[in-house]
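Per-entry structural report
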Amino acid sequence: MATQSDNCYDIVIVGAGPVGLMLSTCLSRWGYKIKHIDNRPEPTATGRADGIQPRSLDLLRNMGLKSAIMAHKPARVYEVAFWDPPKTGGGIVRTGTWPSCPEFIDARYPFTTLLHQGLIERVFIADLEKNGTEIQRPWTIAGFTSDEKADPEYPVTVQLAHVDDSSKTETVKAKYLFGGEGARSFIRDQLKIGITHKNPISYVWGVMDGVVKTDFPDMKMKCTIHSEHGSIMVIPREANMVRLYIQIASSTDPDFHPRKTATEAEVQAAAKRILAPYSIEWERVEWYSVYPIGQGISDKYTLDHRVFLGGDACHTHSPKAGQGMNTAFLDALNLAWKIHAVEGGFADRHILETYEPERKDVAETLLAFDNKYAKLFSQRPDAASTAQATASGTHTNPDAQQSAEENEFIKTFKEACEFTSGYGVFYKPNALNYSPAHHPAGTSPTILSPEHQTTKLVPGRLFINSTVTRVVDANVVHLEQEIPLNGSFRLFIFAGSLTSPAQKSALESLAAGLQKPDSFFSRFQRPDIDTVSHHERHNPHSKFFTLATVFAAKRAEVEISRDLPALLARYRDNVYADDRWDRRVPDAKAAAHAKMGFDEDKGGVVVVRPDGYVGFVCKLEEGGKTVEALEKYFGAFTTKQ
């Protein structure tokens, strides 16, 4: 970490929107020295992003920030309603509904949370202040250079300037520079990194946040409305507000101009035409804007793995799918733990090379979906269609003419639900997401057989949700939430049968292997291990590993001191009984084992990356093979071999 030199920082972060705040919050918590600037005098006052998807709410809970978000009483969207013209006559009719997060997605929070971005920003800012990081406002970046040869420790030199007073300037040194300044990124422009636009068609939209008086029945739900007069998306919000996205123009219009604008009154008039025969009046308007939308993606996210881009600086798209802030959060999280692993001496610098391919691949998927979705949303309908969305398969409205399968817009929405919820985001194989191609080191198939082929856990995908009973206090808990976002790799040991001598021997073998002085676990032992508190729950041995053990047994049958070797018993607060029934595996005796796809007697070991994605899965076996398999996985990217 940084020396005490006043003008030397671990990282300079430019921009205090969602991506910059997430990165800053993670690194501040882990003890890094941060210079964080923003060119606005205050956090977002009105408007901007507002949608938190189910997986992002999981992440915020894992960071301990969810309760502060929910204290603002955000709107929750459980269902989306589709409205279209009827097959005869004018106006619009509801043609169906569909769950925002359908039941096939195993989500803790099967809804989208809608809350003004400024309130979300303030939750992060309060956490930053607790950890000694303040955002310097209104300051901007004036220039930078990156030269590892000239200064290997602090290769990035950054010039900063006060927005309102040109006499105030500052030059600082840093290990990293991060550009989270949005779509008009100065850092991206200085690096001469281009933007590839995915679709020549662009749209101009009006957006309005306010309190309305209306007889439209679904104003408290998310709605997509198509009428012969245009399209609207309805987004309910906190404090009785609603956000309306109203299409103003498309580049397919004969008189299109990307700078085309409209007054507040004109947009309200358009909304009234589209919503007819229903009425709408505004009691107050909090925010109003007109802006063009196009799909674009940055050609690179970094050139030298010292200066990085994230968020809107890397990808621009329509706000219709509610992905902007969520994608920004995951950009920042992905980079944060990798910088921490490198600067903490745990991982080789080459893991930073995985940031761009992992996150750019997700952005490509998002833009492909958004391109199709925005185009379909903006098309004028020919006739009524139906969502036919209820599980019973009945039509919601007899006026509806076509089946759900024939409505391309609704079909696209449904197909994308897993991705838009966040649970469908995945990373391809690399050194961190095990595949034989990336861990070739002469491995024997019995050691590194791709166990995930026989389980439901896939490296690069999220760890599966499960509910278990914590042994020390009999609390029923969500296993995936038990280890907080602390920069550690999480080793979940599904121990299988409590009564099997082979399983007891396998646990003893695992503990003995981990305790060897040259093991991957021991090599990264804490220097202050002798003074660690008895109550340190997650990191008593190492800052980079947390262990958790799950027995396929009733809670009353587990005795930690008897059933676990001393090393694993030290994590007594992370020992669980797999004794809770789960409707997704109704016949299982040990539901968490079954959901992962493990044999309920034999179990297995799951390595989960610090960001909640599965890195590696292997068998739990007697002898040294389990530790040998884990050693091969970690050996692909850790520093101490």
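In the block above lies the structure referred to throughout.
Residues numbered from 1 in each chain as written. Predicted model: local features only at pLDDT ≥ 70, side-chain atom pairs only at ≥ 80, totals over all residues. Heavy atoms only, no water.

A few words now on empty space enclosed by the protein. Left-over empty space is what a probe sized like a water molecule reveals as it rolls over the atoms. A complete count under the given rule lists three cavities of 30 Å³ or more for this structure. Contributing to the lining of the largest cavity are 13 residues, with Q323, N326, L330, G422 and V425 lying nearest its centre. Elements represented by at least two residues in the lining of the largest cavity include exactly helix 7 (324–343), helix 8 (355–378) and helix 10 (417–421). For the lining of the largest cavity, the per-class residue count stands at four nonpolar, eight polar and one charged. (1 Å grid on protein atoms, 1.4 Å probe; cavity = no way out; pocket = protein on both sides within 12 Å on 5 of 7 lines; lining within 4 Å. Points joined across faces, edges and corners; volume = space filled by probe spheres on them. Helix = DSSP H or I, 4+ residues; strand = E, 2+ residues; numbered from the N terminus. Nonpolar A, V, L, I, M, F, W, Y, C, P; charged D, E, K, R; others polar.)

Our focus in this paragraph is the pairing of strand 2 (residues 34–37). The alternating pattern of strand 2 places I34 and H36 on one face and K35 and I37 on the opposite face, and all of these are buried. Relative to strand 2, strand 1 (residues 8–14) runs parallel, the two sharing four bridges. Paired with V14 across the strands is I37, a residue of strand 2. With respect to chirality, the unit in which strand 1 leads through helix 1 (residues 18–29) into the neighbouring parallel strand 2 is right-handed. Note: strand 2 against strand 8 (residues 135–136), two bridges, orientation parallel. Pairing of H36 across the sheet is with I135, part of strand 8. (Buried < 20%, exposed > 50% of the residue type's maximum accessible area, 1.4 Å probe, protein only. Pairing = 2+ DSSP bridges. Right-handed = clockwise from strand over helix to strand, strands pointing away.)

So, about the environment of E557. Checked against the element boundaries, E557 lands in the loop between strand 24 (545–551) and helix 13 (560–563). In this structure E557 comes out as partly exposed when scored by relative accessible area, which is 41%. Distance from E557 to A577, taken between C-alpha atoms, is 8.7 Å for residues 20 residues apart in sequence. Residue contacts for E557: discarding those within four places in its chain leaves L498, R562 and D563. (Contact = heavy atoms within 4.5 Å.)

Orientation of helix 1 relative to helix 7, taken along the N-to-C sense of each, is 30°, at an axis distance of 8 Å. It follows that helix 1 is roughly parallel to helix 7 by the angle criterion. As helix 1 packs across helix 7, the resulting crossing turns out to be right-handed. Across the interface between the two elements, P18, V19, M22, L23, C26 and L27 from helix 1 touch M325, A328, F329, D331, A332, L333, L335, A336 and I339 from helix 7. Its residues assigned to classes, the contact of helix 1 with helix 7 shows 14 nonpolar, no polar and one charged. (Axes fitted to C-alpha atoms, helices over the stretch in contact; angles between N-to-C directions. Parallel < 35°, antiparallel > 145°, perpendicular 65-115°, else oblique. Left-handed = near helix turned anticlockwise from the far one by under 90°.)

On to the nonpolar core, then. Membership of the largest hydrophobic core comes to 151 residues, with the highest contact counts inside it found for L177, F346, F545 and F634. At 12 residues, helix 7 tops the list of elements feeding residues into this core. The contacts of F545, once residues within four sequence positions are left out, are F346, S488, F489, L491, F520, F521, F524, H538, N539, Y571 and F634. Within the second largest apolar cluster, 22 residues are counted, among which are A81, I232, A271 and L275. (Core = buried A, V, L, I, M, F, W, Y, C linked by side-chain atoms within 4.5 Å.)

A word on the sheet that holds strand 12 (residues 195–197). Here three strands make up an open sheet; going across it, the order is 12-18-20 and the pairing antiparallel. Of all strands in the sheet, those with a lone pairing partner are strand 12 and strand 20 (315–316), marking the two edges. One ladder, built from three bridges, connects strand 12 with strand 18 (residues 296–298); its direction is antiparallel. Bridge pairing in strand 18 links I195 to S298.

Time to look at the environment of I195. The topology assignment puts I195 in strand 12. Judged by its relative accessible area of 27%, I195 is partly exposed. Each C-alpha atom, one on I195 and one on V93, is 40 Å from the other, the two residues being 102 residues apart in sequence. Excluding residues within four positions of it along the chain, I195 makes contact with R188, G296, I297, S298, D299 and A313.

Here a ring pair, both rings aromatic, is described through the centre-centre distance and the interplanar angle of the planes. Enumeration over the complete set of coordinates arrives at 31 aromatic pairs. For K33, the ring lying beneath its charged end belongs to Y9, and the centroid distance is 4.8 Å. The ring of F426 carries the charged tip of R461 above its face, separated from the ring centre by 4.3 Å. (Phe/Tyr/Trp six-rings, centres within 6.5 Å; stacked < 30°, edge-to-face > 60°. Lys NZ or Arg CZ within 6 Å of the ring centre and 35° of its normal.)

Secondary-structure assignment places L366 in helix 8. Counting along the chain gives 128 residues from L366 to F494, while the straight-line C-alpha distance between them is 34 Å. Beyond its immediate sequence surroundings of up to four residues, L366 is in contact with H317, Q323, T327 and F419.

Right, let's talk about the layout of surface pockets for a bit. There is about 630 Å³ of room inside the second largest pocket. Around the second largest pocket, the lining is made up of 33 residues, and of these Y423, L462, F463, I464 and N465 lie nearest the centre. Elements with a contribution of two residues or more to the lining of the second largest pocket: helix 2 (54–62) and strand 23 (489–496). Ranked by residues supplied to the lining of the second largest pocket, first place goes to helix 2 with four residues. Here the lining of the second largest pocket is built from residues that sort into 18 nonpolar, four polar and 11 charged.

Two elements in contact, helix 12 (residues 501–515) and helix 16 (residues 625–635), have axes separated by 8 Å at closest approach and are oriented at 45°. Between helix 12 and helix 16, the interaxial angle falls into the category oblique. Mapping the contact onto sequence places S509, L510, G513 and L514 in helix 12 and T626, V627 and L630 in helix 16. Here the contact of helix 12 with helix 16 is composed, by residue class, of four nonpolar, three polar and no charged.

Turning our eyes to something else, we now look at the pairing of strand 11 (residues 169–179). Pairing geometry for strand 1 and strand 11, over six bridges, is parallel. Looking at the pairing, C8 lines up with K173 of strand 11. Here strand 10 (residues 156–162) folds back onto strand 11, and the loop between the two strands holds six residues. As judged from the three bridges shared by strand 11 and strand 19 (residues 307–309), these two strands associate in the parallel manner. By the bridge assignment for strand 19, L177 is matched with V307.

In this fold, S421 is placed in helix 10. According to the relative accessible area criterion, S421 is buried, its value standing at 2%.

Quick look at the pattern of salt bridges now. Opposite charge on two side chains makes pairing possible when the charged atoms of those side chains draw close. As enumerated under the stated definition, the model contains 37 salt bridges in all. Between D209 and R237 there is a salt bridge whose closest N-O contact spans 3.0 Å. Of the two residues, D209 sits in strand 13 (residues 203–214) while R237 sits in the loop between strand 15 (230–236) and strand 16 (242–250), which places them 28 residues apart along the sequence. K632 is paired through a salt bridge with E628; the nearest N and O atoms lie 4.0 Å apart. With K632 and E628 both in helix 16 and four residues apart, this pair spans about one turn of that helix. Where salt bridges share partners, they join D50, D209, R237, E238 and R243 into one cluster. (Salt bridge = Lys/Arg side-chain N within 4 Å of Asp/Glu carboxyl O.)

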